[in-house]
Amino acid sequence: MAQSNQGISGRILDSISREPLEFITVGLFNKEGKVMLTTVTTPEGRFELKTANTEASFIRISFVGYVTKQLSVALQSDKSLKDILLSPTVSQLSEVNVTALKKMVIQKPGMLIYDAGNDPGNKGGTAADVLRKAPVLNVDAQGNVSMRGSKNIKILIDGKYSGQMARSPADALNMMPSNIIASVEIITTPSAKYDAEGAAGVINIITKKDKKQMNGALEAVASNWEQALNPRFSMADQKWNINVNAHLHRLRMKSTSAYSRNNFNDQGALLSSLDQTKIQDNTAPHGSANIAIDYTADTLNRFSFGFTSWFGNWPNNNRLFSQVSAANGTVLESYRQDVDTKAAYLGGDINFGYIRKFKAPGRELALLAQFSPSKDRSRYLSDRSATDDQLLYRELNNSGTRNSEWTFQTDYLHPFGKENKYSFEGGLKMISRNVSNDYRVEGSKAGQPTVLEPISERNDIFEYGQQVYSGYAILKFNLPANWYIETGARLEHTRLNGNFISAGNTFAKDFTNLIPTATLSKKLNERQSLSMSYTRRLTRPYIWDLNPNLDTSDPKNIVTGNPQLEPELADQAELSYAISFNSGLSLNSAFFWKQTNNSIEDFTVTDANGISTTNKQNLAANRQLGLNLSVALPLTSKWNVNSNVNIYKLDFQSKALQVDNKGWNAEFNLNTSYKLPGNFTVQAFGDYNSRIRMLQGYKTFKYFYSIAGKKELPSKRLSFTLAFINPFNETINQREVINSKTFISSAYNRNYNQTIKMSVTWEFGRLFEQKESRKISNDDVKSRPNG
C-alpha cells in the first residue's frame, strides 16, 4: 500500500517582540542526526515539513543572531506545533565561533535580498561598493546605479527616501559606510504600497539593528584614494531605543577622457572634426550624521523621531584641451579650458512617527511626517586660453538652489480570516516640494577677457513646485495548497508648476495615474517555488531635468535641462523560480519583460558650428526582455561561492528620430569567500559587463575585481581587513559611442581605481533588544546621476 505523507507545521516568533520571524531555517532529522528535509519560514513565520519517512526524530531551528532550538517529534500523523519562541543570542564575541556560511541571495516574489552584512569583502567600503555585488544591479565608477540597464530607480534606506538621495544617489551612496548595512532588497516589481516613481524598480538598503543594551563601533579606513571614519553607537532598554551613526569621508577622484567627434551636413559630407582631452583630479570632503530615537510607551503604542544631516563639497575641476579641424585637416581652433568648480551642499531630514497596534494580532496603524530642507551652492569659473597661454575668454556661472519638502503618510494593516491568513493594507500620502534655483552667468567682453559682464539671457530665478497626492489598497491571500495571491492598486495625482521670474514664463501640468500591481506565487514543495508579478511604474522629471541653465564649461559640448519634459510610463512583468538542494546549492531565476513608453532619454544634437547640446527628451519607447540568475553553492562548510547573471535584450525605437537600436547585454559577477583557521577569512569578487545599448549608441564592456582578507580578534573585538581593488589594472576603461545623422562621437574614459585599502573596526556592547521604526519612503523622484 502507498505510504501517505505526514506533516509537521508551526509558527516561529521572536521571544521578546513576539513578531513572526522570516527566513528561519527549519530542519527535520532522523535519530542518527542526518538531515531529511529543510525549509525556511514564510513572512508570517510559518513552516511546514512533509515526508513519507516515519523515522524522523527531531527538528532543529536555527538563524544567525538567535539561539538554535531542537524539538523532539514523532511522525505518526499530521502534527501542528504550538508557537515556537526563539531567543536572541546572548554571548560574548570571544565565545562565538561561526563556521557555517549563509546563503548570500534569497528570493521572494518580485524581490531579491542580498545578505551584505555577511560578506567580508564589504568591510571598509561604501554603499556603492555593496550594491556593486548585489544581483540585478550595475554600478559604474562614479557610483551611478542601474537596474536591468535603466538608471530610473529609487533607493530607500530602511524604507525611507531622503533628500540626500534626491540630490544625487551616487554622492549619497559614497557617503554611506558599508559596515552599517545588513542587507539589500532589490525590488524588481514593487507592490502598490511603494510610490509609483522608479521605472526600473526600488532598492531598499537595510541597516544593522543589533540587539544590544549598549552597542558601539568605530571603523577607520585608509587607502591611496580615500580616508574615512565611521563611528556608531546605540543603547536600549525596555522602552527607549537610541541609534547614532556618523560618516566622515575624504574621497579623491581622478579620470581622463579622450573625445573625438566628426560633424556632417544633411548630405553626409564631413564639415569639421573635434578632438579633446580632459583631465580631472578632485578631492571631495563630505560627511553625514544620523540619530534615530524610538520610545515604546506600552505594548500597543510606539513613537519615533529621526534626524539626518549631510554636508560636503563635490567639485568637478578639470583641464580640457580642444582642437577643431576643417574637413581638409586645417586646424581652425586650438585652445585650453581650465575649469574651477565648487559644489557645496547642506541638507537634512527630520521625521516623526507613531505606530498604534491593536489587541488583534497583526493589526496596525502608522502615522508618519517628514520635513526635508536642503540647499546647494555651486559655481564654475572657466578660463579659455590660447596655446601660448593668452587668456581668450572667461565665464562665471553661479547657481544657488533651495529645496523644501513636506511629506505626510498614513498606513493601515488589517489581517482577517482564519489564522489571519488574509490581510488588507491601505494608506494615503501627500508630498509637497518647492524648489528655487537662482542662476547668474557673467562672461568677459571681446578684447577684455578679465572684465566680466552679466549675460542677461542666462540670468533668472526658476521656481518649481511639485505636489503628489496618492492612495493605495492591497489584498493578500494565503490560500490552501501553498498558493499566495496579492493584488493592489495605487492612484497618484500630480501637480507640477514652474515659473521663470525674469523671463516671465510659466508652465503648469496636472496628471493622474492608476498603478495596478499583482503577484501570484506557488510553493511547489519544500525546495521549489514559482511566482508571477506585474506592476506599472512611472518616472517624473525633477528640477535638474527641467532647469534650462546652460552648463557651457565645455563650450563645444553644452548640457542643459528641458522644461517641456513629460513623465514616462513603464509596464513590467516577471516570472521567477527558486530551487534549493540538500547539498546547499540554490538557484534563483527570473524571466522579465518591460515596455516603456514616452521614455526619458539623454539626447544629443549638433548645430551648424559643430557645437553639441545634450538634454533629456521624450523621444523613444524601449522594450526589454531578459533573464536573471542567482546561484549560491557552499562547496564546504567554510567555502561559499555566489554568482549573478543578468542577460537582457534592449530595443530602442523612435519614430521622431527614425532610430531602431537593439541588441543583447550581459552582466556577470562571481563572489567567493573562505574561512581559514585562526579567524581569517579571504574573499574574491569579479564583475563583467558587456556592451550596453543606448538610444543613440552604446558603451563598450568593462570589468571590476577585488581581493580581500579579514582577521578577527574576538577577545579584543577587533577586526582588520585588507582589500586590493583592481590590483593589476591602473584604471577602469570604457568607450562611449554616439551615432546620429549629423555626427559620430567616441569618448574613451579612464577612471583611476587601483586601490590598496586597510580598515580597522572595534566593536563593543552587550546584547539586548532593538526595534525597527517606521519611516517615510518618498520613492517618487527621478534622481540625478553623478559623473
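Residues numbered from 1 in each chain as written. Predicted model: local features only at pLDDT ≥ 70, side-chain atom pairs only at ≥ 80, totals over all residues. Heavy atoms only, no water.

## Here's the deal with the overall build of the protein
Working step 1: For the protein, the helix and strand inventory stands at four helices and 44 strands.
Working step 2: Each of the 787 residues in the protein was classed as buried or not, and the buried ones make up 51%.
Working step 3: Surface accessibility of the protein: about 34300 Å² in total, with carbon and sulfur atoms responsible for 57%. (Helix = DSSP H or I, 4+ residues; strand = E, 2+ residues; numbered from the N terminus. Buried < 20%, exposed > 50% of the residue type's maximum accessible area, 1.4 Å probe, protein only. Areas by Shrake-Rupley, 256 points an atom, 1.4 Å probe, with all protein chains shown as cover.)

## Details of the nonpolar core
Working step 1: Membership of the largest hydrophobic core comes to 25 residues, with the highest contact counts inside it found for Val145, Ile181 and Ile203.
Working step 2: Beyond its immediate chain neighbours, meaning those up to four positions away, Ile203 contacts Leu131, Leu137, Val145, Met147, Ile153, Lys154, Ile155, Leu156, Val184 and Glu185.
Working step 3: Judged by nonpolar contacts, the second largest core, of 18 residues, contains Ile24, Leu49, Ile61 and Leu81. (Core = buried A, V, L, I, M, F, W, Y, C linked by side-chain atoms within 4.5 Å. Contact = heavy atoms within 4.5 Å.)

## Things to note about the sheet that holds strand S5 (residues 56-62)
Working step 1: If you trace the four strands from one edge of the open sheet to the other, you get S3-S2-S5-S6, paired in antiparallel fashion. Every other strand in the sheet has two partners, leaving strand S3 (35-40) and strand S6 (69-72) as the edge strands with one partner each. Averaged over all adjacent pairs, the angle separating strand axes in this sheet is 20 degrees, with direction ignored.
Working step 2: Here strand S2 (residues 25-30) runs beside S5; their pairing, made up of six bridges, is antiparallel. Bridge pairing links Leu28 to Ile59 in S5. (Pairing = 2+ DSSP bridges. Axes fitted to C-alpha atoms, helices over the stretch in contact; angles between N-to-C directions.)

## Concerning the pattern of salt bridges
Working step 1: Throughout the structure, instances matching the rule amount to 28 salt bridges.
Working step 2: Of the charged contacts, one joins Glu333 and Lys556 as a salt bridge, the two residues approaching to 2.7 Å between their closest N and O atoms. Taken together, the residues Glu333 in strand S22 (residues 331-357) and Lys556 in the loop between helix H4 (543-546) and strand S31 (557-559) connect sequence positions 223 residues apart.
Working step 3: Salt bridges linked by common partners bring Asp195, Glu197, Lys429, Arg490, Glu492 and Arg540 together as one network. (Salt bridge = Lys/Arg side-chain N within 4 Å of Asp/Glu carboxyl O.)

## Section: the pairing of strand S36 (residues 659-676)
Working step 1: Pairing analysis gives 16 bridges linking strand S35 (residues 639-654) to S36, with the strands arranged antiparallel. Bridging from a neighbouring strand, Asn640 pairs with Ser673 of S36.
Working step 2: Linking S35 back to S36 in an antiparallel pair, the connection comprises four residues, with Gln658 at a positive phi of about 55 degrees.
Working step 3: When S36 meets strand S37 (residues 680-689), the two strands line up antiparallel, connected through 10 bridges. From the neighbouring strand, Glu667 faces S37, where its bridge partner is Asn689.
Working step 4: Following S36, the chain reverses through three residues before pairing antiparallel with S37; Gly678 in that reversal takes a positive phi of roughly 75 degrees.

## Remarks on the sheet that holds strand S13 (residues 153-157)
Working step 1: In space, the five strands of this open sheet follow the order S9-S10-S14-S15-S13, with mixed pairing throughout. For this open sheet the edge positions go to strand S9 (105-108) and S13, each flanked by a neighbour on one side alone. In this sheet, adjacent strand axes meet at a mean angle of 20 degrees when their direction is disregarded.
Working step 2: Here strand S14 (residues 181-187) pairs with strand S15 (residues 201-207) via six bridges, running antiparallel.

## Let's talk about the packing of aromatic side chains
Working step 1: Enumeration over the complete set of coordinates arrives at 18 aromatic pairs.
Working step 2: On the basis of an interplanar angle of 5 degrees and a centroid distance of 4.5 Å, the ring pair of Phe462 and Phe500 is categorised as stacked. Taken together, the positions of Phe462 in strand S27 (residues 460-479) and Phe500 in strand S28 (residues 483-500) put the pair 38 residues apart, joining distant regions of the chain. Like Phe462, the residue Phe500 is buried in the burial classification.
Working step 3: For the ring pair Trp762 and Phe764, a centre distance of 5.1 Å and an interplane angle of 35 degrees mean the geometry is tilted.
Working step 4: Overall, Trp762 belongs to the partly exposed group, its relative accessible area being 41%.
Working step 5: The class of Phe764 is partly exposed, set by a relative accessible area of 23%.
Working step 6: The structure contains a cluster of three or more aromatic residues connected by ring pairs, namely Phe462, Tyr464, Phe500 and Phe507.
Working step 7: Looking at Lys254, its charged tip hangs above the ring of Tyr752, at a distance of 4.6 Å from the centre.
Working step 8: We note Arg384 situated over the ring of Tyr335; from NZ or CZ to the ring centre the distance is 5.6 Å. (Phe/Tyr/Trp six-rings, centres within 6.5 Å; stacked < 30°, edge-to-face > 60°. Lys NZ or Arg CZ within 6 Å of the ring centre and 35° of its normal.)

## Quick word on the layout of surface pockets
Working step 1: For the second largest pocket, the calculated volume is near 250 Å³.
Working step 2: Lining the second largest pocket are 15 residues; nearest its centre among them are Phe603, Leu657, Val659, Ser740 and Lys741.
Working step 3: Put simply, the parts of the chain that give the lining of the second largest pocket at least two residues each are strand S33 (586-606) and S36.
Working step 4: The element contributing the most residues to the lining of the second largest pocket is S33, with four residues.
Working step 5: Among the residues making up the lining of the second largest pocket, the classes are represented as six nonpolar, seven polar and two charged. (1 Å grid on protein atoms, 1.4 Å probe; cavity = no way out; pocket = protein on both sides within 12 Å on 5 of 7 lines; lining within 4 Å. Points joined across faces, edges and corners; volume = space filled by probe spheres on them. Nonpolar A, V, L, I, M, F, W, Y, C, P; charged D, E, K, R; others polar.)

## What about a positive patch on the surface?
Working step 1: Taken together, the side chains of Lys342, Lys375, Arg377 and Arg402 present a region of like positive charge at the surface.
Working step 2: Structurally, Arg402 is set in strand S24 (residues 391-416).
Working step 3: Judged by its relative accessible area of 57%, Arg402 is exposed. (Patch = residues over 30% accessible without salt bridge, like charges linked within 9 Å, V, L, I, M, F, W, Y side chains within 5 Å. Lys, Arg positive; Asp, Glu negative; His and termini not counted. Charge placed at Lys NZ, Arg CZ, Asp CG, Glu CD.)

## Notes on the environment of Arg527
Working step 1: By the secondary structure assignment, Arg527 is in the loop between strand S29 (505-523) and strand S30 (528-539).
Working step 2: Among the residues examined, Arg527 registers a relative accessible area of 18% and is labelled buried.
Working step 3: A sequence separation of 55 residues divides Arg527 from Asn582, and the C-alpha atoms of the two residues are 9.1 Å apart.
Working step 4: Those residues within four positions of Arg527 in sequence are excluded, and the remaining contacts are Met36, Leu37, Thr38, Ala578, Ile579, Ser580, Phe581 and Asn582.

## Examining the confidence of the model for the protein
Working step 1: With 90% of its residues at a pLDDT of at least 70, the protein reaches an overall mean of 85.
Working step 2: Segment residues 90-101 is flagged for pLDDT under 50; beyond a separation of four residues in sequence, or across chains, it makes 20 contacts in the model.
Working step 3: Overall, residues 767-773 carries pLDDT values under 50, and its contacts beyond four positions in sequence, including any with other chains, amount to 35 contacts. (pLDDT = per-residue confidence, 0-100.)

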